[in-house]
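So you can see what is in the structure, the chains are spelled out below.
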Amino acid sequence: MSDQETPLETLVGEWLTVPDIAERLGVRLADVRRLIDDGEVLAARVGERKVVAVPEKFFDDEGVLHSLKGTFTVLADGGMDEEEILRWLFTPDASLPVEGAPIDSLRGGFKTEVRRRAMELAF
């Protein structure tokens, strides 16, 4: 099964629901919804009940990864929709500096390398 055929839920792995995020960040549900609406994080409908959830890897001990929004912007400017962005971020790529997918390299501090590759896709 190719990564394009793999269900997004499976490709991403761990998801957090809006209430989970609110509890983790110590904020109101409305604040989490604003993070999603403002494009600070991307969400998808997952699970049997199709609840709104955000990939767990979008957060670190301090909150939302700071490198996400600009990366989302580069990929969206290149014509990707939210599902395509999520797929790209979570599809393994052995050529990146950190083993795993682009999200793992972002978490590892390689924002410039990930964005360079995102720009190559876009143009």
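Going by the structure above, here's the rest.
Notes on the structure follow. Keep in mind that this is a model prediction, so the values were computed, not measured.

Note that strand β1 (residues 15-17) and strand β3 (residues 51-55) share three bridges and pair antiparallel. Residue pairing in the sheet places L16 in a bridge with V54 of β3. The pairing of strand β2 (residues 44-46) with β3 spans three bridges and is antiparallel. When the bridges of β3 are listed, V46 appears paired with V51. Here β2 hands over to β3 after four residues, with G47 in that stretch at a positive phi of 80 degrees.

Applying the stated criterion to the full structure yields ten salt bridges. Here E83 makes a salt bridge to R87, at a shortest N to O gap of 3.3 Å. In this pair, E83 and R87 are both assigned in helix α5 (residues 82-90), four residues apart and thus about one turn of the helix distant. Taking the relative accessible area as the measure of exposure, E83 reaches 42% and is therefore partly exposed. What makes R87 buried here is its relative accessible area of 8%. A salt bridge links E120 to R116, with the shortest nitrogen-to-oxygen separation between them at 2.4 Å. With E120 and R116 both in helix α7 (residues 111-122) and four residues apart, this pair spans about one turn of that helix.

Glancing now at helix α3 (residues 29-37). The set of residues buried in α3 consists of V32, L35 and I36. An end-on view of α3 places all buried positions within 100 degrees of arc, on one side of the element. Summarising the contacts, the buried residues of α3 are in contact with α2 (18-25), β3 and β5 (63-64). After α3 finishes, the residue G39 shows a positive phi value of roughly 75 degrees.

Now for the environment of A118. Tracing the backbone through its elements, the reader meets A118 in helix α7. Taking the relative accessible area as the measure of exposure, A118 reaches 0% and is therefore buried. A118 sits 64 residues away from V54 along the chain, and the two C-alpha atoms are 21 Å apart. In contact with A118, other than residues within four places in its own chain, are V74, L75 and W88.

About the cut-offs
Residues numbered from 1 in each chain as written. Predicted model: local features only at pLDDT ≥ 70, side-chain atom pairs only at ≥ 80, totals over all residues. Heavy atoms only, no water. Pairing = 2+ DSSP bridges. Helix = DSSP H or I, 4+ residues; strand = E, 2+ residues; numbered from the N terminus. Salt bridge = Lys/Arg side-chain N within 4 Å of Asp/Glu carboxyl O. Buried < 20%, exposed > 50% of the residue type's maximum accessible area, 1.4 Å probe, protein only. Arc of directions from axis to C-beta. Contact = heavy atoms within 4.5 Å.

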